[in-house]
Amino acid sequence: MTNTSASHPTALAGTDFLPGPVLLLGAPGVGKGTQAQLLVTQYGIPQISTGDLLRDNIARGTELGLKAKEIMSSGHLVDDGIVNQMVLHRLQEKDTHCGYILDGYPRTLDQARFLDHTISDPAFLPRLSVVAVSIVVAYDQLLRRITGRRICSVCKSIYNVYSNPPDTEGVCDLDGASLVQRSDDTEAVFAQRMKTFEEQTAPVIAHYRNLGRFAEANGDQNVEAVNTAVEEALVKLRQAAR
Ligand code: AMP
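Numbers given for residues are sequential positions, taken from 1 along each chain in its written order. Only residues with pLDDT of at least 70 are given local features in this predicted model, and only at 80 or more are side-chain atom pairs given and counted; all residues enter the totals for whole chains, interfaces and linings. Just so you know, side-chain values use all the structure's heavy atoms and leave hydrogens and water out.

Asker: So what exactly am I meant to see when it comes to the pairing of strand β3 (residues 99-103) here?
Answerer: Partly exposed residues are those whose accessible area sits between 20% and 50% of the maximum for their type, while under 20% is buried and over 50% is exposed, using a 1.4 Å probe and protein chains only. Numbered from the N terminus, helices here are DSSP runs of H or I no shorter than four residues, and strands are runs of E no shorter than two. Among the 5 residues in β3, 5 count as buried, and that is most of the element. Of the two faces of β3, both are covered, the one formed by Gly99, Ile101 and Asp103 as well as the one formed by Tyr100 and Leu102. Strands are labelled as partners when DSSP assigns at least two bridges between them. Across 5 bridges, strand β1 (residues 20-25) lies against β3 in parallel orientation. Bridging across to β3, Leu24 finds its partner in Asp103. Note that strand β2 (residues 47-49) and β3 share 3 bridges and pair parallel. In the sheet register, Gln47 faces β3, and the bridge partner there is Ile101.

The following block contains the structure:
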């Protein structure tokens, strides 16, 4: 990774730069998860993925997981109330005190309002408003990414059979565990998820754009270049939103 360069955005902002609460927005498959993992490593703040929290509930067979399972496999959104409570709970954990990266949340205007209201309470650290970065990629490109995506069943590393295949088909390079495909990573479910994204998440983008806390990053580049674009956006947004 090229992050030690003196011209790197974080270097320009100062070595103690922390992005605070961050929203990573974008259509399914734009690379939110990959970029969130990089930010976790760079800043030492946690990633909070509502999709992962829901899948964890499904895997554990909780009541919440049972409710969410069918909705998720159809490509629709889980109820705002369920997701908001899950996030509220997660934001009370201490590891969020220096900031966090919300991945896949908020996805509706009601969720965005709930989040803004929740973290405006001084009990929630860090006492900073959220800044939002939307990663943008064209539809056809996303379709290949989604239907080609495979995930390590153990370490959760992400591969793509077209653009980033493992050394051995179906096997994780890092730990040798089997790679799995998410049940909602099919073409039919992708089309529904895109429709849901356009209908429900576009207002979230408009909300943060209107608040002046929104930027776009070109997601149609290699992972490191997207990372640099996201970081540049974060530095600028945080300087403006202080
Ligand atoms: P993701 O892993 O973020 O692509 O999410 C997978 C699925 O989980 C989505 O298609 C939704 O069904 C559900 N989901 C994840 N996050 C949310 C959210 N913030 N609001 C409602 N449903 C969600």
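Let us keep going from here.
Asker: Sorry if this is basic, but what is going on with the pattern of salt bridges here?
Answerer: One speaks of a salt bridge when a side-chain nitrogen belonging to Lys or Arg is within 4 Å of a carboxyl oxygen belonging to Asp or Glu. Taken as a whole, this structure holds 9 salt bridges when the rule is applied. We note a salt bridge from Asp95 to Arg90, for which the minimum N-O separation is 2.8 Å. For Asp95, a relative accessible area of 38% puts it in the partly exposed group. Residue classification places Arg90 among the buried positions, given a relative accessible area of 13%. With its nearest N and O atoms 3.7 Å apart, the salt bridge here joins Glu216 to Arg209.

Asker: Any chance you could explain the nonpolar core here in plain terms?
Answerer: Burial of nonpolar side chains together is a common tendency in soluble globular proteins. Only buried Ala, Val, Leu, Ile, Met, Phe, Trp, Tyr and Cys residues count toward a nonpolar core, and they belong to the same one when joined by side-chain atoms within 4.5 Å. By size, the foremost hydrophobic cluster in this structure holds 53 residues, and its most contacted members are Leu115, Tyr208 and Val230. At 7 residues, helix α9 (residues 223-241) tops the list of elements feeding residues into this core. Residue contacts are counted whenever heavy atoms from the two residues lie within 4.5 Å of one another. The residues touching Leu115, leaving out its near neighbours within four places in the chain, are Leu23, Leu91, Leu102, Tyr105, Pro106, Val130 and Tyr208.

Asker: Is there a simple way to explain the site of the ligand in this structure?
Answerer: Residues in contact with the ligand amount to 16 residues; listed here are only the nearest, Thr50, Arg55, His76, Gln111 and Arg193. Between a nitrogen atom of the ligand and a side-chain N or O atom of Thr50, the distance comes to 2.8 Å. N or O atoms closer than or at 3.5 Å make up a polar contact, with two conditions inside protein: a donor-capable atom paired with an acceptor-capable one, and, for residues adjacent in sequence, both atoms drawn from side chains. At a separation of 3.1 Å, a nitrogen atom of the ligand approaches a polar backbone atom of Val78. Out of a free accessible area of 480 Å², the ligand has 96% covered by protein chains. Only a single heavy atom is needed: when it lies within 4 Å of a molecule or strand, its residue is near that molecule or strand. Methods summary: accessible areas were calculated by the Shrake-Rupley approach with a probe of 1.4 Å, and residue burial reflects only the protein chains presented.

Asker: Mind showing me how you'd approach the sheet that holds strand β7 (residues 179-180) here?
Answerer: Sheet strands pair via backbone hydrogen bonds, and the direction of the pair is either parallel or antiparallel. The 3 strands are arranged β6-β5-β7 in an open sheet whose pairing can be described as antiparallel. Here the strands that pair on one side only, and so sit at the sheet edges, are β6 (158-160) and β7.

Asker: Is there a simple way to explain unusual backbone geometry in this structure?
Answerer: Glycine aside, negative phi is the norm for most residues, and most peptide bonds take the trans geometry. Pro106 follows Tyr105 through a cis peptide bond whose omega is -5°. The topology assignment puts Pro106 in the loop between β3 and α6 (109-119). The omega torsion of the bond from Leu125 to Pro126 falls at -10°, within 30 degrees of zero and hence cis. Phi is positive for Lys156, close to 70°, though the residue is something other than glycine. When you line up the elements, Lys156 lands in the loop between β5 (149-152) and β6.

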